[in-house]
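Notes for the structure review
Residues per chain, in single letters:
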Number of protein chains: 2
Amino acid sequence: MNNKVRACEEVGIKSKRIELPIDIDEATVLAEIDRLNADPAVHGVLVQLPLPPQISISRVLERISVDKDVDGFHLYNVGGLLNGTTVFPPCTPYGVQKLLEHEQVQIAGRNVVVVGASNIVGKPVAMMLMQQDATVCICHKLTRDLAMFTLMADILVVAAGVPNLIVPQMVRTGAVVIDVGINRLPDGRVVGDVDFEGVSKKASLISPVPGGVGPMTVTMLLYNTLRSAERTVGIVDNDESRLSGV
Amino acid sequence: MNNKVRACEEVGIKSKRIELPIDIDEATVLAEIDRLNADPAVHGVLVQLPLPPQISISRVLERISVDKDVDGFHLYNVGGLLNGTTVFPPCTPYGVQKLLEHEQVQIAGRNVVVVGASNIVGKPVAMMLMQQDATVCICHKLTRDLAMFTLMADILVVAAGVPNLIVPQMVRTGAVVIDVGINRLPDGRVVGDVDFEGVSKKASLISPVPGGVGPMTVTMLLYNTLRSAERTVGIVDNDESRLSGV
């Protein structure tokens, strides 16, 4: 949470860390969330996971007001990913989308291959890029012949958590490669899921690790919080009108 | 709605059709839904679409209690499709899953190609089969070289609404083909999206139109309603425990 607190301070968003005892009961946690939901000065509520075993993660996450769910974890916001009505996309997939947008990568009609089918990255990023009319394939550890899929990708998004999973012969020349993996090697180095040195010779664009998607996650959290505040005074930004089809 | 009413009667589920005037205001519709939500004798609430323009479809659908949303259209249930916690899967995709289950088609690790990315069929069926560890590609009208994708499919689910879109040379020998399309031709015949006569010579299994998936939609609506009633007395069936990871 510390880097989130620091980032908030840097951009002038006030943040408050509420620490609760580890043996707290669920009702007290839910009451605390209700209090934050009701406070008009609060525009975003995050629950730092994991939670102690006596507390249901889903009950806690679903208690956060949909209008303050800047992490985008509430099932209601997740559901909106399927039909393009989400208000707060989850931060890492949203960061991937913003990187592609910033580099003016065309999405519609292109082949997107997502490696890794997690609830936090793989599935939502697949839904978001499908919403922008990409043809999307989602691969994972049970995929037969991963290279057959990755070689079809105009845009390859890798979020598998496996160092050096993607080597140059699995990438089409000119592909755009987004590496969401963050793996710490035994020697202390932090690497992504892509062999950066090799693949960067074939890709037209490639995101590095560290850097790349990593810093985008906190950035999009700040952005969702700003948008939440703006919504309370009736400002609907371009992203929201696009995302929600307003 | 009539075939739904008839099906309910056949299996002994009581149904009540509530017809409201076309110029009704939204508040009255929402109040009616609140009344059904509060009635313990009601286990499923359906809103027949389309709605007149003065009434918001999303506000009406989101007003239905998640516990009585047997159509599976509430965003909360849609969100559960992404992380496998949905209680009421939408009926047509659920019917596709049941057909595959009935024929004991292996899903995990197989290549599934879904043609058609609608919110009602394509996207949810893709999510449900991904939840069962298939590798899933979702194609649509902007897909370049559709045949390249369909030829990779061990299981091909077609829900595009285009008669004869899928011809034999687009299907791998031995594939399982599920045709969700229902198209009425100018001569009155009803056909699916697949050239049944040609493709049935290559497929190991193929669902016909009419028949096949069509009758499954109403069946799964009845099944969701039964499960809703069972839930009120604490019965959790196998599907639910699998779907919700209980």
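What counts, and at which threshold
Residues numbered from 1 in each chain as written. Chains lettered and ligands numbered in written order. Predicted model: local features only at pLDDT ≥ 70, side-chain atom pairs only at ≥ 80, totals over all residues. Heavy atoms only, no water. Helix = DSSP H or I, 4+ residues; strand = E, 2+ residues; numbered from the N terminus. Contact = heavy atoms within 4.5 Å. Areas by Shrake-Rupley, 256 points an atom, 1.4 Å probe, with all protein chains shown as cover. Lys, Arg positive; Asp, Glu negative; His and termini not counted. Charge placed at Lys NZ, Arg CZ, Asp CG, Glu CD. Salt bridge = Lys/Arg side-chain N within 4 Å of Asp/Glu carboxyl O. Buried < 20%, exposed > 50% of the residue type's maximum accessible area, 1.4 Å probe, protein only. Domains from an automatic or database assignment. Buried area = accessible area lost by both parts, 1.4 Å probe. Least-squares fit on C-alpha atoms with pLDDT ≥ 70 in both. Axes fitted to C-alpha atoms, helices over the stretch in contact; angles between N-to-C directions. Parallel < 35°, antiparallel > 145°, perpendicular 65-115°, else oblique. Nonpolar A, V, L, I, M, F, W, Y, C, P; charged D, E, K, R; others polar. Disulfide = S-S within 2.5 Å. pLDDT = per-residue confidence, 0-100. Pairing = 2+ DSSP bridges. Polar contact = N/O pair within 3.5 Å; in protein donor to acceptor, adjacent residues only side chain to side chain. Core = buried A, V, L, I, M, F, W, Y, C linked by side-chain atoms within 4.5 Å. Left-handed = near helix turned anticlockwise from the far one by under 90°.

Along its length, chain A carries 10 helices and seven strands. Counting only C-alpha atoms and orienting by the principal axes, one finds that chain A spans roughly 55 × 45 × 35 Å. Looking at chain A alone, contacts between residues at least 24 apart form 62% of all its contacts between residues at least 6 apart. For chain A, the exposed surface amounts to about 11500 Å²; the carbon and sulfur share of it is 56%. For chain A, the separation between the mean place of its 22 positive charges and that of its 27 negative charges on side chains is 3 Å.

Under the definition given, this model contains 19 salt bridges over all chains. Notably, a salt bridge pairs B:R231 with B:D67, separated by 3.1 Å at the nearest N-O pair. Taken as a pair, B:R231 in helix α9 (residues 213–232) and B:D67 in the loop between α3 (57–63) and α4 (75–83) lie far apart in primary sequence, 164 residues in all. B:R231 gets classed as partly exposed once you look at its relative accessible area, which sits at 26%. Two residues, B:R172 and B:D154, come together in a salt bridge whose shortest N-O distance is 3.5 Å. With B:R172 in the loop between β3 (155–158) and β4 (176–179) and B:D154 in the loop between α7 (146–150) and β3, this pair connects stretches of sequence that are 18 residues apart. On the basis of relative accessible area, B:D154 is assigned to the buried category, the value being 9%. Ionic contacts of the salt-bridge type, sharing partners, join the residues A:R110, A:D154, A:R172 and B:R144 into one network.

All names here are of chain A. The domains assigned to chain A are domain 1 (2–89 + 216–235) and domain 2 (92–212). Spacing between the C-alpha centres of domain 1 and domain 2 amounts to 27 Å. The interface of domain 1 with domain 2 comprises 12 residues on the first partner and 11 residues on the second. Summing both sides of the interface, domain 1 and domain 2 together bury roughly 1000 Å²; the carbon and sulfur share of this comes to 73%. Looking only at domain 1, the three residues that lose the most surface to domain 2 are L81, M216 and M220, adding up to 49% of its buried area.

Let us look at the relation of the copies chain B and chain A. Rotating chain B by 180° and translating it 0.0 Å along the rotation axis places it on chain A, where the RMSD comes to 0.0 Å. Accordingly, the operation relating the two chain copies is best matched by a two-fold axis. The fraction of interface residues of chain B whose copies in chain A are also interface residues reaches 100%, indicating that both copies meet through the same surface.

Residue and element names in this part refer to chain B. Axis separation between α4 and helix α6 (residues 122–131) bottoms out at 8 Å; the angle between their running directions is 40°. The orientation of α4 relative to α6 falls into the category oblique. Across the interface between the two elements, L81, L82 and N83 of α4 pack against P124, M127, M128 and Q131 of α6. Counted by class, the contact of α4 with α6 contains five nonpolar, two polar and no charged residues.

This part covers the state of the cysteines. All chains considered together, the criterion is met by one disulfide over all chains. Covalently, A:C137 is tied to B:C137 through a disulfide, its sulfur atoms 2.2 Å apart. Classification of the bridge connecting A:C137 and B:C137 rests on its S-S torsion, roughly 110°, and on that basis the disulfide is right-handed. Residue A:C137 is found in strand β2 (residues 135–139), and its partner B:C137 is found in strand β2 (residues 135–139); the two belong to separate chains. Of the cysteine sulfurs around B:C8, a residue in no disulfide, the closest is that of B:C91, at 11 Å. For B:C8, a relative accessible area of 13% gives the class buried. Free cysteine: B:C139, not disulfide-bonded; nearest cysteine sulfur from B:C137 at 6.2 Å.

Should the pLDDT be low somewhere, the predicted coordinates at that spot are not to be read in detail. Across chain A, pLDDT averages 93, with 96% of residues at or above 70. In the model output, the complex is listed with pTM 0.93 alongside ipTM 0.92.

Another point: the pairing of strand β4 (residues 176–179) of chain A. Residues and elements named next belong to chain A. In β4, alternate side chains face the same way, and those of V176 and I178 on one face and V177 and D179 on the other are all buried. Two strands pair when backbone bridges link them, and strand β3 (residues 155–158) and β4 are joined in this way by four bridges, in the parallel orientation. If you follow V157 over to β4, its bridge partner there is I178. Where β4 and strand β7 (residues 205–206) come together, two bridges link them in parallel fashion. By the bridge assignment for β7, V176 is matched with L205.

On to the interface of chain B and chain A, then. With 38 residues of chain B in contact, the opposing surface of chain A contributes 38 residues. In this assembly, chain B packs against chain A so that about 3100 Å² is buried in total across both faces, 65% of it on carbon and sulfur atoms. Contact with chain A buries surface across chain B, with B:L75, B:L82 and B:R144 losing the most and accounting together for 21% of the total. Seen at the junction of chain B and chain A, the total is two salt bridges. Of the charged contacts, one joins A:D154 and B:R144 as a salt bridge, the two residues approaching to 3.1 Å between their closest N and O atoms. The interface formed by chain B and chain A holds 12 residue pairs in polar contact (both at pLDDT 80 or more) in total. Listed by contribution, the elements that provide at least two residues to the side of chain B that touches chain A are α4, α6, β2 and α7 of chain B.

Turning our eyes to something else, we now look at the nonpolar core. For soluble globular proteins, nonpolar side chains are generally found buried alongside one another. Judged by nonpolar contacts, the single largest core of 68 residues is most densely connected at A:L100, A:V157, B:L100 and B:V157. Once you skip the residues sitting within four places of it in the chain, B:L100 turns out to touch B:V105, B:I107, B:L129, B:I155, B:V176 and B:I178. Counting 36 residues, the second-largest nonpolar core is a separate cluster that includes A:A203, B:L146, B:V158 and B:V177.

Moving on, we get to the packing of helix α1 (residues 2–11) of chain A against helix α9 (residues 213–232) of chain A. All names here are of chain A. The contact between α1 and α9 brings their axes to 10 Å, and the two run at 55°. The orientation of α1 relative to α9 falls into the category oblique. Where α1 crosses over α9, the two elements pack in a sense that is right-handed. Across the interface between the two elements, N3, K4, A7, C8 and V11 from α1 touch V218, L221 and L222 from α9. Counted by class, the contact of α1 with α9 contains six nonpolar, one polar and one charged residues.

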